[in-house]
Amino acid sequence: MSTDTKRPSTFEISQAGSIVPSRFDYHVIRRLSDMEGQFLEQDAYRVLLSAEDRLVYEVYEMQRPKVAGELLHGLSIVHPGKVGNEYFMTKGHYHVVLDTAEIYYCLQGEGHMVMETPDGDWEVATLRRDTVLYVPPRWAHRSVNTHRSEDLVTFFAYPGHAGHDYVSIEKQGFRKRVVEQEGNPQVIDNPRWLPPEAR
Ligand code: F6R
Ligand code: ZN
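Criteria and cut-off values
- Residues numbered from 1 in each chain as written.
- Chains lettered and ligands numbered in written order.
- Predicted model: local features only at pLDDT ≥ 70, side-chain atom pairs only at ≥ 80, totals over all residues.
- Heavy atoms only, no water.
- Buried < 20%, exposed > 50% of the residue type's maximum accessible area, 1.4 Å probe, protein only.
- Helix = DSSP H or I, 4+ residues; strand = E, 2+ residues; numbered from the N terminus.
- Pairing = 2+ DSSP bridges.
- Axes fitted to C-alpha atoms, helices over the stretch in contact; angles between N-to-C directions.
- Salt bridge = Lys/Arg side-chain N within 4 Å of Asp/Glu carboxyl O.

### Quick look at the pairing of strand 8 (residues 110–116)
The element strand 8 is largely enclosed, with a buried count of six among its seven residues. In terms of strand pairing, strand 8 meets strand 9 (residues 122–128) through seven bridges, oriented antiparallel. Bridging across to strand 9, His112 finds its partner in Thr126. Relative to strand 11 (residues 140–145), strand 8 is paired through six bridges, and the arrangement is antiparallel. In the sheet register, Gly111 faces strand 11, and the bridge partner there is Asn145.

### A few points about the sheet that holds strand 12 (residues 152–159)
Strand order across the open sheet formed by six strands is 1-2-3-12-7-10, with antiparallel pairing between neighbours. Edge positions in the open sheet fall to strand 1 (26–31) and strand 10 (132–135), since each of these has one partner strand only. Shown here is a sheet whose adjacent strand axes are inclined to one another by a mean of 20°, direction ignored. Direction of pairing for strand 3 (residues 71–78) relative to strand 12: antiparallel, over a ladder of eight bridges. Bridge pairing in strand 12 links Val78 to Leu152.

### Here's the deal with the pattern of salt bridges
One pass over the structure, following the stated rule, counts six salt bridges. Put simply, Arg46 and Asp43 hold a salt bridge, and the shortest N to O gap is 2.9 Å. Of this pair, Arg46 and Asp43 both sit in helix 1 (residues 42–51), three residues apart, which is roughly one turn of that helix. Accessibility expressed as a relative area gives 56% for Asp43, which makes it exposed.

Structure representation (structure tokens):
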């Protein structure tokens, strides 16, 4: 049955066991093999990948027209894990239409949202159950799961015409990275980050 996008719609989020929405149109799966070059410790990445191509994160999204005035929305689930000392995370992106915001509501787990602007400003927000995060226009964003064993589950909504630009982030990563040091999450400078004038 195809969704009539002109009608209001609902879905439920089951909190029992692993969270899966009762209805969705797209299910995006990102495994370690999809994250080539994203983690700092490349040797640890290769060792982990040769053992098992683990699931790093998933996105369930509702289909909406990709136009201004619409809101694309769904669930993002980052699974627990680390590559070396660096926590599992999403690829992260800017919106192609830079002047578009996004809102996140954390349903489960613990983590960080690493954010930065094209001008070099940055911020890292802590996410835990019931945290609402507003990502303003112009801020690239990446979710990081810092919990040892629980999924980081967020509900997100963003404008239909926003689009995703992954390339800028793929080249030099974010300015900050989240790694485990002495058992705790720490935000560190990304040694591979290049200032805008050096790119
Ligand atoms: C949409 C958005 C989230 C992410 C999701 C996966 O604009 O920010 O739905 O798409 O958390 O992360 P990426 O897209 O960076 O792979
Ligand atoms: Zn986004």
